[in-house]
Amino acid sequence: MHLPAFEALLTDAGAELLADVDPEAAAADRLATASRLRGDPRLAALDPALPVSDLVNAALNQVLLRRRGRAKFGDRAERMYFTPDGLEQSTRYAVAAYRAERTAGVAGAVLDGAVAGDLCCGVGADLLALAERGVPVEGVDADPLTVAVARANVAALGLADLARVREGDAAETAPGAYPLLFCDPARRGGRGRVFDPAAYSPPWDVAVRLAEGSGAACLKAAPGLPHEAIPASACAEWISVDGELKETALWFGAAAEGPRRRATVLSEREGAGGKWGSLDEEPGLGAAPVAPARRYLYDPDPAVVRSHLVAEAAARVDGALLDERIAYFTADRAVPSPLWRVLEVTEVMPFSLKRLRSALRARGAGTVTVMKRGSAVDTEKLRRDLRPSGPASATVVLTRIGERPVALLCREVGDAGAR
């Protein structure tokens, strides 16, 4: 997408044109939609100096990006603007809103009339979330098109009194330039996703130095950030949404008050109402005990696993690990929580295809969910080989205890139809 073509869409005529394109029709037949756009007399009015093909591509791409953006931003995506990379790398609204709420809690104490900084702001997801919570903030990004898109989003959501965006290199920002700082270093390069924090842009050591130089700060990192890359000055929080691990957030300064490690679980499911739970490190707790399978099996959320807080989770339900190297734990009672999934164990057996198939047939299980940790079994092939049939449902959990592969037959807690 070219900057002049994007800017043409910001006119009244451009907004009207975008609103009139059916995103579902565009997704189903891009060529036909592009052909209709070429024949629209409003197109020439956007910018007569630009090639029609540039304007058509810009309009069509924006419509399709807004359609994709609904998964992250809900209905507000229909008013927002995106670039392909910007949408791909942007924070989901649920996560941005959660973090902004926590950041806003310390903003009054550290800003003292100044503005917060959002370095590598991208299309502005976190910038917008901060401004919506009353935090005055300046976004900084090195790409001119991305800056234009972020500015357009600020205007589209009516936040120009609290948010502004400028072009600049985050690495050239002086430590302490912003008393309250948020930074989301770019984790994509010319060859795709970057996994080494030293290859982030700005590099991890630069980002940490900027965060440590502010009165309060948050760094966003990949969910797989190595624990050894977490500086001693930070508190780390692993955040998941509906069972999918999304990021590691590192908190510094006044924002770092609290546990050294935290797992946070958010939900975007309809009817969940933003339900979330959190689990904090308990210093001195020690390793969880290990015991044979009890009545209930707990499958902790990925945020709990990645934060190395499985022992804390097990302690909440007086539970024990099946194996000290595997993140499943077991207990005598079922305690519902967003932090884990609870299954009732109906049978434990050494793993054997023949024996497992026989047990499922005896239960009339035609719908079989297969879960695994610490197992090398190909779950898709296993489902085919089991050849399940019948009206009931069951969950098979594959794991190991010591060196022994085992299978646990389970049913969802509260699922009266399971056998």
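Below is a summary of the structure that appears in this document. Residue numbers run consecutively from 1 along every chain, following the written order of its sequence. The predicted nature of this model means local features are confined to residues of pLDDT at least 70 and side-chain atom pairs, given and counted, to a pLDDT of 80 or more, with totals for whole chains, interfaces and linings taken over all residues. Note that water and hydrogens are dropped before the side-chain values are worked out from all heavy atoms of the structure.

**Examining unusual backbone geometry**
Look at the link from Ser 201 to Pro 202: it is a cis peptide, with omega at 0 degrees. A run of H or I in DSSP becomes a helix once it reaches four residues, and a run of E becomes a strand once it reaches two; helices and strands are each numbered from the N terminus. Structurally, the position occupied by Pro 202 is in the loop between β6 (192-193) and α11 (204-212). Backbone geometry at Cys 120 places phi at a positive 60 degrees, although glycine is not the residue there. Along the chain, the position of Cys 120 falls in the loop between β1 (116-119) and α9 (125-132). The phi angle at Arg 387 is positive, at roughly 45 degrees, despite the residue not being glycine. Here Arg 387 shows up in the loop between α15 (379-386) and β17 (392-401).

**Considerations on helix α6 (residues 52-73)**
For α6, which comprises 22 residues, the first-to-last C-alpha distance of 30 Å matches the rise-based estimate of 32 Å (1.5 Å per residue) to within 8%. At Arg 67, α6 shows its maximal bend, which comes to roughly 30 degrees. Backbone geometry just after α6 places Gly 74 at a positive phi near 65 degrees. What a helix is expected to span follows from its residue count: subtract one and scale by 1.5 Å. Fitting axes to the seven residues that end at a residue and to the seven that start at it, the angle between those axes gives the bend at that residue.

**Digging into the packing of aromatic side chains**
Pairing of aromatic rings covers Phe, Tyr and Trp, the last through its six-membered ring, and needs centres within 6.5 Å; plane angles under 30 degrees mean stacked, over 60 mean edge-to-face, and all others mean tilted. Evaluation of the coordinates by the stated rule reveals 7 aromatic pairs. Centre to centre, the rings of Tyr 298 and Trp 340 are 5.5 Å apart; their planes meet at 80 degrees, and the pair counts as edge-to-face. Here Trp 340 lies in strand β15 (residues 340-350) and Tyr 298 lies in strand β12 (residues 296-300), a separation of 42 residues in the sequence. Neither residue differs from the other here; Tyr 298 and Trp 340 are each classed as buried. A centroid spacing of 6.0 Å and a plane angle of 90 degrees characterise the contact between Phe 329 and Trp 340, whose relative ring orientation is edge-to-face. Type-normalised accessible area, obtained with a 1.4 Å probe on protein chains alone, sets the label of each residue: buried when under 20%, exposed when over 50%, and partly exposed for intermediate values.

**Re the packing of helix α14 (residues 353-362) against α15**
Where α14 contacts α15, the two axes come as close as 10 Å, and the packing angle between them is 60 degrees. As judged from the angle between their axes, α14 and α15 are oblique. Handedness of the crossing formed by α14 with α15: right-handed. Contacts between α14 and α15 involve Leu 353, Leu 356, Arg 357 and Leu 360 on the former and, on the latter, Leu 382, Asp 385 and Leu 386. Axis angles are defined between N-to-C directions and span 0 to 180 degrees, where every axis is a line fitted to C-alpha atoms and, for a helix, only to the segment in contact. In this scheme, roughly parallel covers angles under 35 degrees and roughly antiparallel covers those over 145, while 65 to 115 is roughly perpendicular and the rest are oblique. Handedness of each helix crossing follows the sense of rotation of the near helix against the far helix: counterclockwise by less than a right angle gives left-handed, clockwise gives right-handed. By definition in these notes, contact holds between two residues if any of their heavy atoms fall within 4.5 Å.

**With respect to α11**
Taken together, the buried positions of α11 are Trp 204, Val 206, Ala 207, Val 208, Leu 210 and Ala 211. The secondary structure elements touched by the buried residues of α11 are β1, β4 (180-183), β7 (216-221) and β9 (244-253).

**Considerations on the sheet that holds strand β16 (residues 365-372)**
Pairing between sheet strands relies on hydrogen bonds along the backbone, with the strands arranged either parallel or antiparallel. Ordered in space as β13-β14-β12-β15-β18-β17-β16, the 7 strands form an open sheet in which the pairing is mixed. With one partner strand each, in any of the chains shown, β13 (320-321) and β16 form the two edges of the open sheet. Against the sheet, α14 touches β15, β16, β17 and β18 (404-412), its axis set at about 115 degrees to β15. On top of the sheet, α15 reaches β16 and β17; it is set at about 155 degrees to β16, its chief contact. Two strands pair if DSSP finds at least two bridges between them.

**Thoughts on the nonpolar core**
Soluble globular proteins tend to pack their nonpolar side chains together in the buried interior. By nonpolar core is meant a set of buried Ala, Val, Leu, Ile, Met, Phe, Trp, Tyr and Cys residues that side-chain atoms within 4.5 Å join together. Counting residues in each nonpolar core, the largest one holds 69 residues, and the members touching the most others are Phe 82 and Leu 180. It is α6 that provides the largest number of residues to this core, a total of 9 residues. Beyond its immediate chain neighbours, meaning those up to four positions away, Leu 180 contacts Thr 103, Val 106, Ala 107, Val 110, Leu 111, Ala 116, Gly 117, Val 135 and Ala 216. Judged by nonpolar contacts, the second largest core, of 47 residues, contains Ala 303, Val 304, Val 310 and Ala 331.

**Focus on the environment of Leu 245**
Tracing the backbone shows Leu 245 in strand β9. Spatially, the C-alpha atoms of Leu 245 and Leu 162 are 31 Å apart, while their sequence positions differ by 83 residues. Not counting the four nearest positions on each side in its chain, Leu 245 is found in contact with Pro 223, Trp 238, Ile 239, Ser 240, Pro 302, Ala 303 and Arg 306.

**Describing the pairing of β1**
Where burial is concerned, the two faces of β1 agree: the one with Ala 116 and Asp 118 and the one with Gly 117 and Leu 119 are both buried. In this structure, β1 lies alongside strand β2 (residues 137-141), joined through 4 bridges in parallel fashion. Bridge pairing links Asp 118 to Gly 139 in β2. The definition of a right-handed crossover adopted here requires that, viewed with the strands pointing away, the path from the first strand over the helix to the second runs clockwise. Once the chain exits β1 it traverses α9 before rejoining the sheet at β2, and the crossover so formed is right-handed. Here 3 bridges tie β1 to β4, and the two strands are oriented parallel to one another. Note on β4: the bridge partner recorded for Asp 118 is Phe 182.

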